[in-house]
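# Notes for the structure review
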Amino acid sequence: MEAAKMASPKSAPKDAQVMAQILKDMGITEYEPRVINQMLEFAYRYVTTILEDAKIYSSHAKKSSVDADDVRLAIQCRTDQSFTSPPPRDFLLDIARQKNQTPLPLIKPYSGPRLPPDRYCLTAPNYRLKSLQKKVSSTAGRITVPRLSVGAVSSRPSTPTLGTPSAQTVSVSAKVGAPVSLAGQRFTVQIPSSQPAGKSATPTTPTVQNVLINPSLIGPKNILITTNMVPPGAAADPNPLKRKHEDDDDYDAL
Amino acid sequence: DRQTLVAVLQFLRRSNLRESEEILRREARLLGDDLGGSVATVATSSPGVAAVAAVPPGKGEAHGTAESVPPPGGNPKSGGALSSPSSKITHSGDVSAVVVEDQPDVSAVLSAYNQQGDPTLYEEYYSGLKHFIECSLDCHRAELSQLFYPLFVHMYLELVYNQHESEAKSFFERFHGDQECYYQDDLRVLSSLTKKEHMKGNETMLDFRTSKFVLRISRDSYQLLKRHLQEKQNNQIWNIVQEHLYIDIFDGMPRSKQQIDAMVGSLAGEAKREANKAKVFFGLLKEPEFDVPLDDEDEEGENEEGKPKKKKPKKDNVGSKSKKQDPNAPPQNRIPLPELKDSDKLDKVMNMKEAARRVRLGPECLPSICFYTFLNAYQGLTAVDITDDSSMIVGGFADSTVRVWSVTPKKLRSVKTAADLSLIDKESDDVLERIMDEKTASELKILYGHSGPVYGTSFSPDRNYLLSCSEDGTVRLWSLQTFTCLVGYKGHNYPVWDTQFSPYGYYFVSGGHDRVARLWATDHYQPLRIFAGHLADVTCTRFHPNSNYIATGSADRTIRLWDVLNGNCVRIFTGHKGPIHSLAFSPNGRFLATGATDGRVLLWDIGHGLMVGELKGHTDTIYALRFSRDGEILASGSMDNTVRLWDAVKAFEDLETDDFTTATGHINLPENSQDLLLGTYMTKSTPVVHLHFTRRNLLLAAGAYSSQ
């Protein structure tokens, strides 16, 4: 083995030379120079992991020093964990036989894009609009402001996730259901609150929301609005159309 | 019990307890039926037999002390007596027919690799066999030489399994140079397997151990071999032959070395003749007939020449001329196929129009080749595909991205967002144009999603979907209308090397490191079929033009053809000497062309299951194979930076399909590669990764520029 050391142009450290020799023995003649570094790193990491595991096993068995059995056990455990190998042939033949017995399913005609059920697809929105319940004090007449927090957004190339919140607030009262054409502005929308228990039947005190709506976040629906339950006495706006205070801390860091 | 008795006898013989042995043998013959008692008596009378008696005759028991091989230089009389029986004893306990010296049976019982056959003698046995084969007649020598490789590997593995490291090493050193050159890669892998633990992790070697290596030998050669192995002290080899080799005997002339060399090379030997006997429907499905859209298309002014609108029915252009069912074609509803949508019909119409303007290729009229070079790919380009109408090209890269380019001046557009979609006028005629977003139109779209290099890509025939498979074990379906990922199909838990959509859409096949190919449908999250049988990774998967069969090429150097309907393997083609990386079906469905790392293109007749041609010329792995649209020219692209064109018409004419050939599968391949080669086109330093014939028979090629 001594005579078979690779003569590298620069003096490489001994283990690099050994690694180069191993590569040569395995028949690999062309490789980038970084491969030796990567292989050495892997070898080092693997051996240290195994030896550490072996130390743990030997101390568990209350042995004074690590011996071959510990190392063997460590290797076996690591192999089952990290270096799995594909299933054995008879297992594959068995499941293949099972799978191949069922006839091919018939294809329903005219069923649009043929995709698996939605839970197996990646087409669902991977975000959810969160509404924040702000404490409404009776005096300030503050309004609850739902916050829109956007989680990780799917890989859409271009559309920004939230429109720039404009300083202008434009108050528009609109009935629910009317499709509002939106372009990233703030609107106040009056919505009759969904029935809280014990509330009066007449929708006299509509809860008012400040909602920042971004068209790109809207799926098939027109308006995405979360309604809040507000205690009856609290949301006493004298005039819902009145321009509301903009709370600076209402916006999350976007 | 009877086997135990025989085992005891052998032990006695080995220990040179001749008298006891004779006594036992006499008694055993007398007490033919009541062997349990005789064993007991023997056990008490012979020293050291207790250890032997402890050996149960069941399989899988280690430490078998019974010798399956007589000691060398032992008593010649006993040696001769031992080898006289040539009949294999069945396990049905037919005692009366048995003479005590039934070596093969005992060894079979004591299970193959657990025999403690004397390790130092393996070299002798092997060299003895070598000597015999080299001294045999020329006509038999070629066939019997096939034995060397499997015997060598099995003997070596047996030594390793029984932990005779030094003997294994010296055995390997002495004999590995004698093997054929095309087994060198396997031998290198073997040389690294020196311990029993190494064997456990190597699935391919385990499969090799458990599957039978198939050899096809003529009856005469087989008789010769059998006679030799049973008369000399070569029973170890005979045991291995019986245990691990499947000898497919045929009647007829022994094959020449050249014939054999053409067919061998795979990890499991050749294919049994009966493996290739199943009927394969290699014909094409009938095209559906429709005429109405055609006339509409014409009337909308598609004819640029300004000719008067032809009112003749176009039915016979679209459908097949004959109403009769092609006997070689599968029934239309053999496997369920998606119905034709209007857009598909329009596409077919376009196809027909293009086909009318197609250039007729031939040896005098070679195609022009247009090469798409991927620059700055930094050796990361791992997969390429081009749509059927040559409008888009996709590249899969080692950085896990999938990039789609538009080949035509028309840019790639995605569908508008939902809000914008609500603004358009849905009733307008060009609604399909209006739904496309002009603002984000670009020539390149990058698709992110995979977490490993993308090894295979495939466009759907209707250009709505793109598949990509990657080292992360998933196959992803992307929409080419929104350029987002729709589904990730998880099933292979190991790198997936290749995937392809069916020619009719809806189904796709994938093959990976777990040695199986899977058939999926886009609307099922689990595979519909699993094709298991290869001994090593499935590296290449292709659909037959009629979508009823799937061809898989593998690193075990075989190609298998699978039936989609029931998952059966209907053809096994051996002959390549390296892992297969490209497959191409001829447009008429009858032939298959395959390319591998050995630089040869092999041509196969699917119906008969025979190799019909061998195209030599490339010097490196062939990664791309494609037939021209009418099947006249076969183009091959390789890592040696060339594209070669071969005359397919000439290669497939005059096939000899006489009875002997079809029965035995022996072919005499003419050395006509040079005649069939029509042209070699070199790129400067760009390996060719993909080839595609446009609808008008222009050849497109793709590769990544590599600067060395």
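These figures come from a predicted structure and were not determined experimentally. (Residues numbered from 1 in each chain as written. Chains lettered and ligands numbered in written order. Predicted model: local features only at pLDDT ≥ 70, side-chain atom pairs only at ≥ 80, totals over all residues. Heavy atoms only, no water.)

### As for the overall build of chain B
Regarding its fold elements, chain B presents 24 helices and 29 strands. For chain B, the residues scored as buried account for 55% of the 708 residues in total. When contacts within chain B are restricted to residue pairs at least 6 apart in sequence, those whose partners lie at least 24 apart make up 62%. Counting every atom, chain B has about 29,800 Å² of accessible surface; 51% of that belongs to carbon and sulfur. (Helix = DSSP H or I, 4+ residues; strand = E, 2+ residues; numbered from the N terminus. Buried < 20%, exposed > 50% of the residue type's maximum accessible area, 1.4 Å probe, protein only. Contact = heavy atoms within 4.5 Å. Areas by Shrake-Rupley, 256 points an atom, 1.4 Å probe, with all protein chains shown as cover.)

### Side note on the UniProt feature "repeat: WD" (unreviewed entry) in chain B
All names here are of chain B. Under the local residue numbering, the UniProt record ascribes the feature "repeat: WD" (unreviewed entry) to residues 374-415, 447-482, 489-520, 531-572, 573-606 and 615-647. With 0% helix and 53% strand, residues 447-482 has end C-alpha atoms that lie 11 Å from one another. Between the C-alpha atoms that bound residues 615-647 the distance is 10 Å, and the span itself is 0% helix and 58% strand. (UniProt positions renumbered as here; feature names shortened; annotations may be inferred.)

### Description of the confidence of the model for chain A
Residues and elements named next belong to chain A. Across chain A, the average pLDDT comes to 67, with 49% of residues at 70 or higher. Scored below 50 in pLDDT, residues 137-142 shows six contacts in the model against residues more than four places distant or in partner chains. Within the model, the stretch residues 144-237 combines pLDDT values under 50 with 161 contacts to residues more than four positions away or in other chains. (pLDDT = per-residue confidence, 0-100.)

### Digging into the interface of chain A and chain B
Tallying the contact residues gives 39 residues for chain A and 50 residues for chain B. Here chain A packs against chain B, burying approximately 3,700 Å² in sum over the two surfaces, 62% of which is carbon and sulfur. Where chain A touches chain B, the interface holds one salt bridge. A salt bridge links R114 of chain A to E339 of chain B; the shortest N-O distance between them is 3.0 Å. The interface formed by chain A and chain B contains 13 residue pairs in polar contact (both at pLDDT 80 or more). Broken down by element, the side of chain A that touches chain B gets its largest block of residues, seven residues, from helix α4 (residues 89-101) of chain A. (Buried area = accessible area lost by both parts, 1.4 Å probe. Salt bridge = Lys/Arg side-chain N within 4 Å of Asp/Glu carboxyl O. Polar contact = N/O pair within 3.5 Å; in protein donor to acceptor, adjacent residues only side chain to side chain.)

### A short note on unusual backbone geometry
Residues and elements named next belong to chain B. Residues other than glycine seldom take positive phi values, yet Q163 does so here, at roughly 65°. Residue position: Q163 is located in the loop between α9 (148-161) and α10 (165-175). Look at Q163 and you get exposed, because its relative accessible area is 54%. For Y506, which is not a glycine, the phi torsion comes out positive at approximately 75°. For Y506, the location among the structural elements is in the loop between β12 (496-501) and β13 (507-512). You can call Y506 buried: its relative accessible area is 6%.

### With respect to the packing of aromatic side chains
All told, the structure shown has 30 aromatic pairs over all chains when counted by the stated rule. Aromatic side chains F42 of chain A and F83 of chain A sit 6.2 Å apart centroid to centroid with 85° between the ring planes, which places their arrangement in the edge-to-face category. Separated by 41 residues along the polypeptide, F42 of chain A in helix α2 (residues 34-60) and F83 of chain A in the loop between α3 (68-81) and α4 bring together distant segments of the chain. According to the relative accessible area criterion, F83 of chain A is partly exposed, its value standing at 39%. Ring centres 6.4 Å apart and planes at 65° place the aromatic pair F397 of chain B and W405 of chain B in the edge-to-face group. Residue classification places F397 of chain B among the buried positions, given a relative accessible area of 7%. Assessed through its relative accessible area of 23%, W405 of chain B is described here as partly exposed. In textbook terms, an aromatic cluster arises when at least three aromatic residues are bridged by ring pairs, as seen for Y126, F148, F152, Y156, F171, F172 and F175 of chain B. Over the ring of Y161 of chain B we find R209 of chain B; its NZ or CZ atom is 4.6 Å from the centre of that ring. (Phe/Tyr/Trp six-rings, centres within 6.5 Å; stacked < 30°, edge-to-face > 60°. Lys NZ or Arg CZ within 6 Å of the ring centre and 35° of its normal.)

### Some points on the pattern of salt bridges
Residue and element names in this part refer to chain B. Applying the stated criterion across every chain yields a total of 42 salt bridges over all chains. Put simply, R413 and E438 hold a salt bridge, and the shortest N to O gap is 2.8 Å. Here R413, found in the loop between β6 (402-406) and α20 (418-421), pairs with E438, found in the loop between α21 (431-434) and β7 (444-447); they are 25 residues apart in sequence, far enough to count as distant. In this structure E438 comes out as partly exposed when scored by relative accessible area, which is 48%. For E671, the salt bridge is made with K616, and the minimal N-O distance between the two is 3.6 Å. With E671 in the loop between α23 (659-664) and α24 (673-676) and K616 in the loop between β23 (610-615) and β24 (622-627), this residue pair connects regions lying 55 residues apart in the sequence.

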